Amino acid sequence: MWPFSLFHNSSQRKIRKIDEQFSTAGQIRPEDIKGLAHQGFVAIVCARPDNEQRDQPSFAEIAHAARQYGMKAVHIPVGGVPSPDHIHRLKKVMATTDGPVLSYCRSGARSAALYLSIRR
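Below or above, wherever it landed, is the structure these notes cover. (Residues numbered from 1 in each chain as written. Predicted model: local features only at pLDDT ≥ 70, side-chain atom pairs only at ≥ 80, totals over all residues. Heavy atoms only, no water.)

## What about helix 3 (residues 84-95)?
- Helix length check: helix 3 (12 residues) gives 16 Å between terminal C-alpha atoms against 16 Å at 1.5 Å per residue, within 8%.
- Along helix 3, the residues classified as buried are His86, Ile87, Leu90, Val93 and Met94. Each buried residue of helix 3 lies within a common arc of 120° when the element is viewed along its axis, so the set occupies one face. Turned more than 90 degrees away from the buried face of helix 3, the exposed residues are Pro84, His88, Lys92 and Ala95.
- The secondary structure elements touched by the buried residues of helix 3 are strand 4 (22-25), strand 5 (43-46), strand 6 (72-75), strand 7 (101-104) and helix 4 (109-118). (Helix = DSSP H or I, 4+ residues; strand = E, 2+ residues; numbered from the N terminus. Expected span 1.5 Å × (residues − 1). Buried < 20%, exposed > 50% of the residue type's maximum accessible area, 1.4 Å probe, protein only. Arc of directions from axis to C-beta. Contact = heavy atoms within 4.5 Å.)

Right under this line is the structure:
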């Protein structure tokens, strides 16, 4: 296994719990959604632009899988530092979601920065 991998194995992503409402992860795949739903996540936020990397699944693929398990899926693509619009959109998601949210990007860092921005 590549030594810098964020994954324990291909079906279990490393999730970082920020607090009871919000966790982050590196790139997820449609086949991960069932397990995330079983872990209690009710919404997924993608903080990664589509086509950032050649082999990443599109947000549409993730959203389709999320809907199959009754989960909300929101795309807030952050290309660098979160903007006021990104922050506003995540605040709205958090205010209208009753349950734990998982946000992902390539490594989880942008997702964490975005969430920490709304807590200031």
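Picking up after the structure, the text goes on.
## Section: the environment of lysine 72
- Relative to the helices and strands, lysine 72 resides in strand 6.
- In this structure the C-alpha to C-alpha distance between lysine 72 and valine 45, which are 27 residues apart in sequence, comes to 8.4 Å.

## A look at the pattern of salt bridges
- Under the criterion given, the structure shown has 5 salt bridges.
- With a shortest N-O distance of 3.2 Å, arginine 119 and aspartate 19 are connected by a salt bridge. On the criterion of sequence distance, the pair formed by arginine 119 in the segment after helix 4 and aspartate 19 in the loop between strand 3 (15-17) and strand 4 is long-range, its members being 100 residues apart.
- A salt bridge links arginine 48 to glutamate 52, with the shortest nitrogen-to-oxygen separation between them at 2.5 Å.
- Overall, arginine 48 belongs to the buried group, its relative accessible area being 2%.
- Its relative accessible area of 36% is what places glutamate 52 among the partly exposed residues.
- A single salt-bridge network, built from bridges that share partners, covers Arg48, Glu52 and Arg110. (Salt bridge = Lys/Arg side-chain N within 4 Å of Asp/Glu carboxyl O.)

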